[in-house]
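# Remarks on the overall topology
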Protein chains: 2
Amino acid sequence: MKYEYLTNEDLDIAVESYIAALKAEGLCPKTERVPVFEAAGRITASAVYAHICAPHYNASAMDGIAVMANKTFGATETTPVRLKPADFIQVDTGDPMPEGTDCVVMIEDVVRDADDVLLYGAAVPWQHVRQVGEDVCAGDMILPSYTKIAPAALGAMLAGGVLEVLVVKPPVVGIIPTGDEIVSPCTDPKPGDIIEFNSTIFSGILKEWGAVPKTYPIVKDIKEDIISTMKKAVEECDAVIINAGSSAGRDDYSSLAISTVGKMLYHGIAIKPGKPAILGYAGEKPILGVPGYPVSGIIVLEQIMRPVIEVMTGANLHMKDEIEAVLGRVMTSPLKYREFVRVRIGINENGDFVATPLNRGAGVVTSFVKADGIIDVPQDCEGYEAGDKVKVILLRPLDELKNTLTIIGSHDPLIDEITDLLKIENKDSVVSSSHVGSMGAIMALKRGESQMGAIHLLDEETGEYNTKYVNKHFPNGGVILEKGVKRIQGLMIAKGNPKNIKDFSDITRDDISYVNRQKGSGTRILCDFLIKKNEMNSSDIYGYDREEFTHTSVAAQIASGTADAGLGIYSAAMTYDLDFIPICNEEYDFLIDESAYGGEKVKNFLKILHSDELKDRLTRLGGYETWDLHM
Amino acid sequence: MKYEYLTNEDLDIAVESYIAALKAEGLCPKTERVPVFEAAGRITASAVYAHICAPHYNASAMDGIAVMANKTFGATETTPVRLKPADFIQVDTGDPMPEGTDCVVMIEDVVRDADDVLLYGAAVPWQHVRQVGEDVCAGDMILPSYTKIAPAALGAMLAGGVLEVLVVKPPVVGIIPTGDEIVSPCTDPKPGDIIEFNSTIFSGILKEWGAVPKTYPIVKDIKEDIISTMKKAVEECDAVIINAGSSAGRDDYSSLAISTVGKMLYHGIAIKPGKPAILGYAGEKPILGVPGYPVSGIIVLEQIMRPVIEVMTGANLHMKDEIEAVLGRVMTSPLKYREFVRVRIGINENGDFVATPLNRGAGVVTSFVKADGIIDVPQDCEGYEAGDKVKVILLRPLDELKNTLTIIGSHDPLIDEITDLLKIENKDSVVSSSHVGSMGAIMALKRGESQMGAIHLLDEETGEYNTKYVNKHFPNGGVILEKGVKRIQGLMIAKGNPKNIKDFSDITRDDISYVNRQKGSGTRILCDFLIKKNEMNSSDIYGYDREEFTHTSVAAQIASGTADAGLGIYSAAMTYDLDFIPICNEEYDFLIDESAYGGEKVKNFLKILHSDELKDRLTRLGGYETWDLHM
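Residues numbered from 1 in each chain as written. Chains lettered and ligands numbered in written order. Predicted model: local features only at pLDDT ≥ 70, side-chain atom pairs only at ≥ 80, totals over all residues.

## Here's the deal with the overall build of chain A
Each helix and strand counted, chain A has 17 helices and 37 strands in total. Taking contacts inside chain A between residues at least 6 apart in sequence as the whole, the part at least 24 apart equals 75%. (Helix = DSSP H or I, 4+ residues; strand = E, 2+ residues; numbered from the N terminus. Contact = placed C-beta atoms within 7 Å.)

## Structural notes on the interface of chain A and chain B
Opposite the 102 residues of chain A that make contact, chain B presents 103 residues. Top contributing element to the side of chain A that touches chain B by residue count: helix α2 (residues 151-159) of chain A, with eight residues. Here the residues of the side of chain A that touches chain B sort into 49 nonpolar, 31 polar and 22 charged. (Nonpolar A, V, L, I, M, F, W, Y, C, P; charged D, E, K, R; others polar.)

## Description of the packing of helix α3 (residues 198-208) of chain A against helix α6 (residues 294-313) of chain A
All names here are of chain A. Two numbers describe how α3 lies on α6: the axes approach to 10 Å, and their chain directions differ by 25 degrees. Taken together, the axes of α3 and α6 lie roughly parallel to each other. Handedness of the α3/α6 crossing: right-handed. Counted together, Asn198, Ile201, Phe202 and Ile205 of α3 and Pro294, Gly297, Ile298 and Leu301 of α6 form the full contact between these two elements. (Axes fitted to C-alpha atoms, helices over the stretch in contact; angles between N-to-C directions. Parallel < 35°, antiparallel > 145°, perpendicular 65-115°, else oblique. Left-handed = near helix turned anticlockwise from the far one by under 90°.)

## Here we look at the relation of the copies chain A and chain B
At an RMSD of 0.2 Å, chain A and chain B line up after a rotation of 180 degrees and a shift of 0.0 Å along the axis. The two molecules are tied by a two-fold rotation axis, judged by turn and shift. Comparing interface residues between copies, 100% of those in chain A also lie at the interface in chain B; the contact surface is shared. (Least-squares fit on C-alpha atoms with pLDDT ≥ 70 in both.)

## Details of the confidence of the model for chain A
Here chain A averages 92 in pLDDT, and 97% of its residues register 70 or above. Reported confidence for the predicted complex is 0.92 by ipTM and 0.92 by pTM. (pLDDT = per-residue confidence, 0-100.)

## As for the environment of Ala371 of chain B
All names here are of chain B. Here Ala371 is to be found in the loop between α7 (366-370) and β26 (373-377). Looking at Ala371, the number of C-beta atoms within 10 Å reads 23, which means it is buried. When the C-alpha atoms of Ala371 and Val343 are compared, they prove to be 5.3 Å apart, with 28 residues separating the residues in sequence. The contact partners of Ala371, leaving out residues within four places of it in the chain, are Arg342, Val343, Arg344, Leu358 and Leu395. (Buried ≥ 20, exposed ≤ 12 C-beta atoms within 10 Å, placed from the backbone.)

## With respect to the sheet that holds strand β20 (residues 278-282) of chain A
Residue and element names in this part refer to chain A. The strand order β16-β13-β17-β21-β20-β18 describes an open sheet built from six strands, whose pairing is mixed. Single-partner strands in this sheet number two, and they are β16 (212-215) and β18 (263-267). Along the sheet, successive strands turn relative to each other by an average axial angle of 20 degrees, direction set aside. One ladder, built from five bridges, connects strand β13 (residues 172-177) with strand β17 (residues 239-243); its direction is parallel. By the bridge assignment for β17, Val173 is matched with Ala239. Lying over the sheet, helix α5 (residues 254-261) contacts β17, β18, β20 and β21 (285-290), oriented at roughly 25 degrees with respect to β20. The strands touched by α6 are β17, β20 and β21; relative to β21, the strand with the most contacts, the crossing angle is about 175 degrees. (Pairing = 2+ DSSP bridges.)

Written as structure tokens, this is what we have:
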């Protein structure tokens, strides 16, 4: 049975009417009383008033003597007033004001004369007294309803004699993972198994929102089991999320279970990803059907579950900073859907934000790990041109973005290792690196999207690396080429070389399946150079059009047995325990924007690049040579 | 024994050398392994690499048939290729690619012919296949060290076969409250007792920073007890905070205890508040002596403990948004100290931020509850003029500030009640109200600091309220006067009227102590009007210069027995169970900036002002009359 979408509803309309329906059923925050000592970060469920004044007594604000001010009246520099011991009492700061006194004379202004004191100036009533209620008065409202309790507010409450506070009770949200192919992350997965990590992601998100997730064991695609688990979850929880298998080509009992236990309001929302979402409820309890792909799931939670949790918790969860950014490249979007596109954000030399869309696959959860923000593309928008200004909802603090070193270009694990070493040295450092190949590095620098990028571009004529490309693409300068490392490129082949591959020219053999790198990558250019040099024909290579984006993904295809050979670096072959036929020792260098070159971020990067720590790590990875002039 | 400050060190220098000393002693994050399921929000302690590829198998990305692409080569619209049942296998989306196949032909493109299929187009190897490692490849770095683990990263780790992760272990921070006068909030405080709420504030702050607070029982000012508790805490915790009594006029064994158990690096930092801070350590364990006033304590934690916790947790805790704001009024600052001033922030009609300093008393913890931001005034700065541009470190999200309705003016509990009702109706609403009196309302509106303010200004000649003042101060308009409520003003006196006060003129009696309101407040103007009308003399009133800022604080002084009478509203007298001699029924109205009048925030406020819910609350408070035209 395929998914049958009943609706293709506009997101805003769907959420608004969903919330309205839930409120009509009685959805509202539950409450509980907690001791103030444990109330940090909780949300008040009603206004909090002070029971007592703080301070609760009049206290001396100085070291000195406490007196009645009217007994000092008339004192001047020439005619002091004499006070007998019965008329004054010595006090320290913080002491309660003694009965029958209303001000403090500072010890510096008190002249002793045997047991008496002489004052050469009149006091004003209540001078140097910290009066009752200076901080808060009994009856004053300390916090209104639905306010997050900050640490200082705990102090204000305790000072005001409030020991317990009525707060919102965190809603319990049940999560039901379903699907025949779903297995726990703790099992060793077989082909066809899908590792169930959505419930862990959803739990993490729900906790951030102040809810308590409760994950049920995985339920197979058995109608009765799904319905009975749904019934149980609705009984035990305040809201339920049912996580379906992928939307198409699979049995789907989510909608059936929701309809059986409660009501289904929408099935199918005009968003991408996330279309198969189901909005339902049983009484006042929301039930959300969430699609199986993790990115779809996160978007559906963010867009639909978050406003529901806001109603249930009284918390304001939706205020996120929005910035305007320049789009780095063309981005198309379907007219049928409102699309949420994850982007990386860089800052160009003019200080403008530049947004670069990430992999839009609904199964690519790492796109959310890498994302700095999200572009919300309206339904009636076909997309944007490169250079268009777009609004980006930030997923990271603005300050962090401003501190980010943006590296776009060829990929090598050493960039990740440097990122890690930078973090160890300075926890504030943030590196954002995108793998778009060597030519991508040049283009990104030209567009001002990045501060630096790695390149390893072979000049077919001279056999030299990088210099000629830089001179050609930056005839007026503006960039600086910094030597990186030498690394061994070669042909990665299965362990033990079962197909008996001798050299690069063997890849045209009929029994060899090749896996290539994407156009514009230095390794692809090397591949084409080798084809030309060996007078081969790319159409003779089975899999020439099969493109991967990193060395490790090429290695992964060979290790999984779906390809016999592919070009890549030595360290990737080692990681996947592959055999390796070395071809050349290439120069992997860093091209750096001139305006960023002298900056702290690039300086720190280069310091690590030339450090012993990195040298050690590269030795462990294998296949690298560093430039001695830097060592 | 008075505090002897050994040092008056510059804050930045002190913190830098403190951190350096701690690191030299070996301070660094501790680590622990936790299951990924429980790792949300934790900080990675080393780089996390994928163990397996995700997806871990090649999967069909479509419903269709899986084939070897080379068997389809040559197929065209006119010359189809026929595949025998042995040459194709039917697959659904997500199914693993069968052995001996390398692409999927969509079901729509498959023509059945008995058991065979006909294809009218050639397939490309790996078309419609979701390949191994599309999301993440084995060996790829998923997260670098010292990175906060977001929910999506949990999914990426589990997908990459990572079940456990090395994270930073939250440091345990001991908190030792000390002082003879300190009592638990659970006890009924006697005069001279100081309620111990600092440890609760500090615990809340430490939890926000990812540390685990451990509060010890209150220790009296007994040298041996303080030293032995310090020893115990240093043994049991990773860091220790000792909270002293107030700095002057008290026994102080904090520095002694620190010197006995470890070393003292600084005692006295040139900041205000917070000067008495002590920076010490025992081995690699930081020991911080924190002054007793809560505001000083919070500042010392923020400025000194936070960077220490950053070293201990690897978390980035210090990135806060900073804005530029116009200072609303003159603000002086001592040259001897770097001062941290808490401010409210409003937005004027030009969209500029306007900062208004809050009560700077070190004991006024509510100033932190009310604060929107902090101005960091350098040591060599004497302060700023009204209108100067200042940098403000934000304590609230910028978006929240932009949504805030800023009310500056006369105080009445009804403003707090409306704030609460607005929150109940719409959890996003934020009201910031400052109590500066009726004339303060007019000044704040003139300076563009507020959107509205309450006034109750009696014209002595006509006996009319508000209109004449508005016309005088806004001859060219720009504001709208909206009727608020009528409320009863009168003389608040002790319960049972022990001093037999009959009317306002009695307050000049020798045996009567009066408590007044601040200059510029409507109630002060009423007081002066009554003095004039009754032909009294203000110099005959004992306590005429004793100024309080709210009705409740006047009532609090009378209730505490330190004053016999004060002008105020009926509801304040009721809250404090005082007797009340009614004097007039005044008109408490709202003056609203014209440009804000039509806006959502003001509209919502006025809607609540005229609501039945507020009417009910005012009835409970007592002494109010609402304007029927609005009801």
